[in-house]
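# Examination of the molecular architecture
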Amino acid sequence: MKSLAELAAIREKMKDKVILREGSANKRVVVGMATCGIAAGARPVLNAFVSEINAAGLSGEASVTQTGCIGICQYEPVAEVFEGDTKTTYVKLTPEKVAEIVEKHIKGGQVVQAYTIGNADK
Amino acid sequence: MKELSLNVLDITKNSVKAGATLIEILLSETDERLTIVIKDNGCGMTEEVVEQVSNPFYTTRTTRKVGMGIPLLTLAAEQTGGHVAIVSVTAAESPENHGTTVTATFDKTHLDFTPLGDMIPTVTTLIQGSPDIDFVFRHERPQGTVELETAALREVLGAEVSLGAFEVLQWIEEYLQEQYASSV
């Protein structure tokens, strides 16, 4: 059985990590989680970003947050990746595409052009 | 929406936006009926707004002029012969006791009943998005009750570890999975 003692152990383990993290997230992933996004499959997409980024050991470099309707409902599920002054808009996402984006873009720094809004209708 | 658990996620987001600090998601299920209650202590809505939210052409968002959250939930409930009721008290009406309660009832035996689906990612997604809000999740089923109160977890975690931390979310996911599995 899962116990609260395990949670206390997580707390102990995380204490040091938290200090490392302060202000160091240089990439921000924002997932659209309004009605349009949720209906189109944003819930597994959001969860894929959270788990893939963590699995790649990148939780110190990239944060994942949720937002409302971005205004391009026909392209949902949508995620925006912010990096300094640049923004990349990924559209019609699936957990599989997310795994690729985390590997190539979040980790490798290379935008996955095929999934960006510029290529959505091609 | 493919699963009612997605409607629950969508409707609960309204409570987040209403500035709630405590949100209760209470499901109670028999073999024939399902009742979903989403209760918050947010800013509440005036009577006029409560009347309007069922209209798909009413929305608080600014990017688009339609709001489908409540209409989709209402559709899912009414197509089984159930219904949706919204009770709301604004902060102006009652500074002490304001908030909104959305209650949806479903006939599970109806052909057009949308399956509830997986509530676990709905709960973890909400906590990930709003780690500072207190959530109470309770799912009463004939097989047994599944429960989670984030306030109790917060007490153990203290101020320095967020409920939105991956390790914590994973613990929550497994904690709920265990409860669902053990009460089958």
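Residues numbered from 1 in each chain as written. Chains lettered and ligands numbered in written order. Predicted model: local features only at pLDDT ≥ 70, side-chain atom pairs only at ≥ 80, totals over all residues.

### Thoughts on the packing of helix α3 (residues 42–55) of chain A against helix α4 (residues 119–129) of chain B
Interaxial distance between α3 of chain A and α4 of chain B falls to 10 Å at its minimum, and their mutual angle equals 60°. Relative to α4 of chain B, α3 of chain A is oriented oblique. Crossing hand, α3 of chain A versus α4 of chain B: left-handed. Contacts between α3 of chain A and α4 of chain B pair Arg43, Leu46, Asn47 and Val50 of chain A from the former with Pro121, Thr125 and Gln128 of chain B from the latter. Here the contact of α3 of chain A with α4 of chain B is composed, by residue class, of three nonpolar, three polar and one charged. (Axes fitted to C-alpha atoms, helices over the stretch in contact; angles between N-to-C directions. Helix = DSSP H or I, 4+ residues; strand = E, 2+ residues; numbered from the N terminus. Parallel < 35°, antiparallel > 145°, perpendicular 65-115°, else oblique. Left-handed = near helix turned anticlockwise from the far one by under 90°. Contact = placed C-beta atoms within 7 Å. Nonpolar A, V, L, I, M, F, W, Y, C, P; charged D, E, K, R; others polar.)

### Some thoughts on the interface of chain B and chain A
The partner chain A presents 28 residues to the 30 residues of chain B that form the contact. Elements with a contribution of two residues or more to the side of chain B that touches chain A: α1 (4–17), α3 (69–78), α4, α5 (150–157) and α6 (166–182) of chain B. The element contributing the most residues to the side of chain B that touches chain A is α6 of chain B, with eight residues. Counted by class, the side of chain B that touches chain A contains 16 nonpolar, six polar and eight charged residues.

### So, the nonpolar core
Core analysis: the largest hydrophobic core is formed by 78 residues, its most contacted members being Val31, Val45, Phe49 and Ala79 of chain A. For this core, the element with the highest residue contribution is α3 of chain A, accounting for seven residues. (Core = buried A, V, L, I, M, F, W, Y, C linked by C-beta atoms within 7 Å. Buried ≥ 20, exposed ≤ 12 C-beta atoms within 10 Å, placed from the backbone.)

### A short note on the environment of Glu167 of chain B
Here Glu167 of chain B is to be found in helix α6. Each residue touching Glu167 of chain B, except ones within four places of it in the same chain, is listed here: Ile10 and Met14 of chain A.

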